[in-house]
Amino acid sequence: MKKRVAVLISGRGSNLKALFAASEASDVPYEISKVISNRPGADGIQWAASNGLNVETLDHKSFDSKADFETALNEELVAAKIDFVCLAGFMRLLSATFVRRWRGRILNIHPSLLPSFEGLDPQQKALDVGACISGCTVHFVSEKMDGGPIIAQVAVPVLPDDTEEVLSSRILKAEHLIYAKALSAVCSSHVSWSQGNKVDLSKDHSTELYGFLES
Ligand code: GRF
């Protein structure tokens, strides 16, 4: 049976689209069962609704506290019988309580090769230090922001004339390639997180989880 995945977004949702496109192949071990946005009117939620996905908006500003917001979020996920949660441009930091409850079942994608350039504006941070290589990372979400065990990484070059926009779009291409592969590996139990800050990885599948994308 396919694993039931919820994708949490706040904005344009290009990773959501890539995850959904990949899920349409018959041998992919997951389906997108729910899309949740914390921002009303996010482009990604409009796209998801018009493509027949089950969508929900939980505007964090309409809750009295972060705890109340996360209680509602958890209820949505449980009601939809979600197995795995993918953060895809979801701009809310989840509390330790929430993250512990979903340990090993929440993934995030970040546009840098972690642990370099954690936090906001990682593409600009790569340009600011003159990095020659950057990329993207899919990782399990832990209590430490951008600090959970790494599942997959794709590197891209940083070219001398790159602007933040150009580098971001090169990295985004890599994101769209790797997120679905990483999610599939987790959904098929080829990658899991049992202890420490490192994943357990079946060797047969490790080569699907890294790469270099030239352009
Ligand atoms: C991506 O660059 C992702 O890595 C970061 O936020 C951006 C979301 O883009 N966490 P999109 O909404 O998936 O297009």
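Above this text sits the structure in question.
Residues numbered from 1 in each chain as written. Predicted model: local features only at pLDDT ≥ 70, side-chain atom pairs only at ≥ 80, totals over all residues. Heavy atoms only, no water.

## Brief notes about the site of the ligand
Thinking step 1. The local shell around the ligand consists of Arg 12, Gly 13, Ser 14, Asn 15, Gly 89, Ile 109, His 110, Pro 111, Leu 172 and Glu 175.
Thinking step 2. Between an oxygen atom of the ligand and a side-chain N or O atom of Ser 14, the distance comes to 2.5 Å.
Thinking step 3. Residue Glu 175 places a side-chain N or O atom 2.7 Å away from an oxygen atom belonging to the ligand.
Thinking step 4. When the free accessible area of the ligand is taken as 370 Å², the share hidden by the protein chains comes to 86%.
Thinking step 5. Only α1 (14-23), β5 (106-110) and α6 (164-187) provide two or more residues apiece to the shell around the ligand.
Thinking step 6. Classifying every residue of the shell around the ligand gives three nonpolar, five polar and two charged. (Near = heavy atom within 4 Å. Polar contact = N/O pair within 3.5 Å; in protein donor to acceptor, adjacent residues only side chain to side chain. Areas by Shrake-Rupley, 256 points an atom, 1.4 Å probe, with all protein chains shown as cover. Helix = DSSP H or I, 4+ residues; strand = E, 2+ residues; numbered from the N terminus. Nonpolar A, V, L, I, M, F, W, Y, C, P; charged D, E, K, R; others polar.)

## A closer look at α6
Thinking step 1. Helix length check: α6 (24 residues) gives 33 Å between terminal C-alpha atoms against 34 Å at 1.5 Å per residue, within 8%.
Thinking step 2. Along α6, the largest kink reaches about 25° and is centred on Ile 178. (Expected span 1.5 Å × (residues − 1). Bend = angle between axes of the 7 residues up to and from the residue.)

## Overview of the nonpolar core
Thinking step 1. In this structure, Ile 32 and Ile 151 are the most contacted members of the largest nonpolar core, which totals 46 residues.
Thinking step 2. Among the elements that line this core, the one with the most residues is α6, at eleven residues.
Thinking step 3. Beyond its immediate stretch of four places on either side in the chain, Ile 151 contacts Leu 107, Val 138, His 139, Phe 140, Ala 182, Val 186, Val 191, Val 199 and Leu 209. (Core = buried A, V, L, I, M, F, W, Y, C linked by side-chain atoms within 4.5 Å. Buried < 20%, exposed > 50% of the residue type's maximum accessible area, 1.4 Å probe, protein only. Contact = heavy atoms within 4.5 Å.)

## Points about helix α3 (residues 66-79)
Thinking step 1. The end-to-end C-alpha separation of α3 is 20 Å, in line with the 20 Å expected for 14 residues at 1.5 Å each.
Thinking step 2. Within α3, the full set of buried residues consists of Phe 69, Glu 70, Ala 72, Leu 73, Asn 74, Glu 76 and Leu 77.
Thinking step 3. On the buried face of α3, the contacting elements are β1 (3-9), β2 (30-37), β3 (55-57), β4 (84-87) and α4 (96-101).
Thinking step 4. Downstream of α3 by a residue or two, Lys 81 has a phi angle that is positive, lying close to 55°.

## Observations regarding the sheet that holds β5
Thinking step 1. Read from one edge of the open sheet, eight strands run β3-β2-β1-β4-β5-β6-β7-β10, paired in mixed fashion. At either margin of the open sheet sits one strand with a lone partner, and together these are β3 and β10 (210-212). Each strand of the sheet is rotated relative to its neighbour by a mean of 20°, with strand direction disregarded.
Thinking step 2. Two elements, strand β7 (residues 150-157) and β10, share three bridges in a ladder whose sense is parallel. Across the sheet, Ala 155 pairs through a bridge with Phe 212, a residue of β10. (Pairing = 2+ DSSP bridges. Axes fitted to C-alpha atoms, helices over the stretch in contact; angles between N-to-C directions.)

## Considering the side chain of Glu 175
Thinking step 1. You can see Glu 175 is positioned in helix α6.
Thinking step 2. No salt bridge is formed by the buried Glu 175. Its closest oppositely charged neighbour is Arg 12, at 6.2 Å. (Lys, Arg positive; Asp, Glu negative; His and termini not counted. Salt bridge = Lys/Arg side-chain N within 4 Å of Asp/Glu carboxyl O.)

## Some thoughts on the packing of aromatic side chains
Two descriptors summarise a pair of aromatic rings, namely the distance from one centre to the other and the angle between the planes of the rings.
Thinking step 1. Applying the stated criterion across every chain, the model contains three aromatic pairs.
Thinking step 2. Between the aromatic rings of Phe 63 and Phe 69, the centroid separation amounts to 5.7 Å while the plane-to-plane angle is 65°, which identifies the pairing as edge-to-face.
Thinking step 3. The partly exposed category is assigned to Phe 63, whose relative accessible area is 25%.
Thinking step 4. Looking at Phe 69, the relative accessible area reads 5%, which means it is buried.
Thinking step 5. Between Phe 140 and Trp 193 the ring centres are 6.0 Å apart and the planes differ by 25°, which places this aromatic pair in the stacked class. Pair noted here: Phe 140 is in strand β6 (residues 133-140) and Trp 193 is in the loop between β8 (191-192) and β9 (200-201), with a separation of 53 residues, a long-range link. (Phe/Tyr/Trp six-rings, centres within 6.5 Å; stacked < 30°, edge-to-face > 60°.)

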